[in-house]
Amino acid sequence: MENLQFIDPLLHGIKPLENSTNNLSVKQLTMAGIGSLLVGAVLKRTGHNKAAAVVGGLALPLLSAAVYKKLAK
């Protein structure tokens, strides 16, 4: 019980990510959201319904992050 260093990642020099969305612009987030919608539509059209739902489900969070970032300026 005296050697519990493996529990705390900060003891090993692993630092959490600061804020990775600051590196992405509003345009990049918007294009990623639109691209996600398009890829989801193509996957659904080809018959991959589960994959289409997963990829298409990423569109709303990406687009809402773009809107929030635009309004927060």
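Residues numbered from 1 in each chain as written. Predicted model: local features only at pLDDT ≥ 70, side-chain atom pairs only at ≥ 80, totals over all residues. Heavy atoms only, no water.

Novice: Provide a residue-level description of the side chain of serine 36, including the pertinent values.
Specialist: Positionally, serine 36 belongs in helix α1 (residues 26–45). Leave out the neighbours within four places in its chain, and serine 36 touches Val55, Gly56, Leu58 and Ala59. (Helix = DSSP H or I, 4+ residues; strand = E, 2+ residues; numbered from the N terminus. Contact = heavy atoms within 4.5 Å.)

Novice: Tell me about α1, and name the residues and values.
Specialist: The terminal C-alpha atoms of α1 lie 29 Å apart, and with 20 residues this matches the ideal 28 Å at 1.5 Å per residue to within 8%. Contacts from the buried residues of α1 go to α2 (49–57) and α3 (59–72). Just downstream of α1, glycine 47 is the residue with a positive phi angle, here 100 degrees. (Expected span 1.5 Å × (residues − 1).)

Novice: Please give an account of the environment of valine 67 that cites residues and values.
Specialist: Relative to the helices and strands, valine 67 resides in helix α3. Along the primary structure valine 67 and leucine 29 are separated by 38 residues, whereas in three dimensions their C-alpha atoms are 9.0 Å apart.

Novice: I'd like a description of the confidence of the model for the protein chain, backed by residues and values.
Specialist: Segments scoring low in pLDDT should not have their predicted coordinates read at a detailed level. Per-residue pLDDT for the protein chain averages 84, and the proportion of residues at 70 or more is 70%. Across the protein chain, α1 holds the top mean pLDDT of 96, while α3 sits lowest at 93. (pLDDT = per-residue confidence, 0-100.)

Novice: Quick rundown of the packing of α1 against α2? Include the residues and the values.
Specialist: Contact geometry for α1 and α2: axes closest at 8 Å, N-to-C directions at 170 degrees. Regarding the angle of α1 to α2, the classification is roughly antiparallel. Each of Ser36, Val39, Gly40, Leu43 and Lys44 in α1 lies in contact with α2, whose residues at this interface are Asn49, Ala51, Ala52, Val55 and Gly56. Across the contact of α1 with α2, the residue classes tally to five nonpolar, four polar and one charged. (Axes fitted to C-alpha atoms, helices over the stretch in contact; angles between N-to-C directions. Parallel < 35°, antiparallel > 145°, perpendicular 65-115°, else oblique. Nonpolar A, V, L, I, M, F, W, Y, C, P; charged D, E, K, R; others polar.)

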